[in-house]
Amino acid sequence: MPEEEPIERAREDEREGLSPSTQAGEFVREEMEHIREGEHGARSPQQAIAIGLSKARRAGVKLPPPKRGKASARTRKQAKRDIKRGARREKPSRARSRATKGALKREKRSTASRTALSRQARSAARRRSARSRSAAAKKAARTRKRRR
């Protein structure tokens, strides 16, 4: 279960009218911190991101499952399950949580390193078209939070 801090930051993002992916970013950031602190590990930056997105969906962020062709059928199915889980409030299974945490503890910590995340960001950007990258950069510049 995610900590209160990212949930609160995600709710604040929602109040400000920011997109669901921005709200989910808070959970991904939290996940990276957990890995860096040695709370648990992940096999790849993609897995760490997937865990963060799953937590976001379960916390009620209105993040749709990935489109066909963007992810496997299994991933889409799990995302749909996470969305349903987010709609109802119930305590997570203690045994299952412990098993998941135990499995993740055996994974490596280097997946949340600067170089690993940089490599992931660059490869993700390469999969997008130049026009798409440019549009994203322009939108980021337009909607960037101003420092006070």
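Notes on the structure follow. Nothing here was measured: the structure is a model prediction, and the numbers come from that model. (Residues numbered from 1 in each chain as written. Predicted model: local features only at pLDDT ≥ 70, side-chain atom pairs only at ≥ 80, totals over all residues. Heavy atoms only, no water.)

1. Things to note about a positive patch on the surface
To keep it simple, the criterion reads: Only residues whose relative accessible area exceeds 30% and that form no salt bridge enter a patch; like-charged residues are grouped when within 9 Å of one another, and nonpolar side chains (Val, Leu, Ile, Met, Phe, Trp, Tyr) when within 5 Å. Where accessible areas are quoted, they stem from the Shrake-Rupley method and a 1.4 Å probe; at the residue level, only the protein chains shown are allowed to cover. The term salt bridge refers to a pairing of a side-chain nitrogen on Lys or Arg with a carboxyl oxygen on Asp or Glu at a separation within 4 Å. Charged residues are defined here as Lys and Arg on the positive side and Asp and Glu on the negative side; His and the ends of the chain fall outside this count. Here the site of a charge means NZ on Lys, CZ on Arg, CG on Asp, or CD on Glu. We count a stretch as a helix when DSSP gives it H or I for four or more residues in a row; a strand needs E for two or more, and each element gets its number in order from the N terminus. Residue exposure (1.4 Å probe, protein chains only): buried if accessible area is under 20% of the type maximum, exposed if over 50%, otherwise partly exposed.
A cluster of like positive charges, contributed by Lys67, Lys70, Arg119, Arg122, Arg126, Arg127, Arg128 and Arg133, occupies part of the molecular surface. If you tally residues by element for the positive patch, the top one is helix H6 (residues 114–126), at 3 residues. Tracing the sequence through the fold places Lys70 in the loop between helix H3 (45–58) and helix H4 (73–87). By relative accessible area, Lys70 is classed as exposed at 70%.

2. So, the nonpolar core
Using the following cut-off: Nonpolar core, defined: a set of buried Ala, Val, Leu, Ile, Met, Phe, Trp, Tyr and Cys residues in which side-chain atoms within 4.5 Å join the residues together.
If you look at the biggest cluster of nonpolar residues, it comprises 8 residues: Ile7, Ala10, Ala24, Phe27, Ala56, Ala59, Val61 and Leu63. Secondary-structure elements contributing two or more residues to this core are helix H1 (4–15) and helix H2 (20–37). Ranked by size, the runner-up nonpolar core spans 6 residues in total, among them Val28, Met32, Ala42 and Ala112.

3. Observations regarding the pattern of salt bridges
Summed over all chains, the structure comprises 10 salt bridges. Among the ionic pairs, Arg29 bridges to Glu26, the shortest N-O distance being 2.8 Å. One end of the pair, Arg29, and the other, Glu26, are both in helix H2, 3 residues apart, so they sit about a helical turn from each other. On the basis of relative accessible area, Arg29 is assigned to the partly exposed category, the value being 46%.

4. Digging into the packing of H3 against H4
So the rule is basically this: Only the contacting stretch of a helix is used when fitting its axis, a line to C-alpha atoms as for every element, and angles between N-to-C directions run 0 to 180 degrees. Should any heavy atoms of two residues lie within 4.5 Å, those residues are counted as being in contact.
In contact at an axis separation of 7 Å, H3 and H4 are set at 35 degrees when each is read in the N-to-C sense. Residues Ser54, Arg57 and Arg58 of H3 touch H4, and the partners they reach there are Gln78, Ala79, Asp82, Ile83, Arg85 and Gly86.

5. Focus on the packing of H2 against H3
Operational definition: In this scheme, roughly parallel covers angles under 35 degrees and roughly antiparallel covers those over 145, while 65 to 115 is roughly perpendicular and the rest are oblique. Should the near helix be turned anticlockwise from the far one by less than a right angle, the crossing is left-handed, and should it be turned clockwise, the crossing is right-handed.
Direction vectors running N to C along H2 and H3 enclose 130 degrees, while the axes themselves pass 8 Å from each other. It follows that H2 is oblique to H3 by the angle criterion. Every pair of crossing elements has a handedness; the one defined by H2 and H3 is right-handed. Contacts from Ala24, Phe27, Val28, Glu30, Glu31, Met32, His34 and Ile35 of H2 reach H3 at Pro45, Ala48, Ile49, Ile51, Gly52, Leu53, Lys55 and Ala56.

6. Structural notes on H2
We apply this condition: Multiplying 1.5 Å by the residue count of a helix minus one yields the expected span of that helix.
Here H2 contains 18 residues, and its C-alpha end-to-end distance of 26 Å stays within 8% of the 26 Å for a straight helix at 1.5 Å per residue. Among the residues of H2, those classed as buried are Gln23, Ala24, Glu26, Phe27, Val28, Glu30, Glu31, Met32, His34 and Ile35. Along its buried surface, H2 packs onto H1, H3 and H6. Within two residues after H2, Gly38 carries a phi angle of roughly 85 degrees, on the positive side.

Structural measurements only, silent on function.
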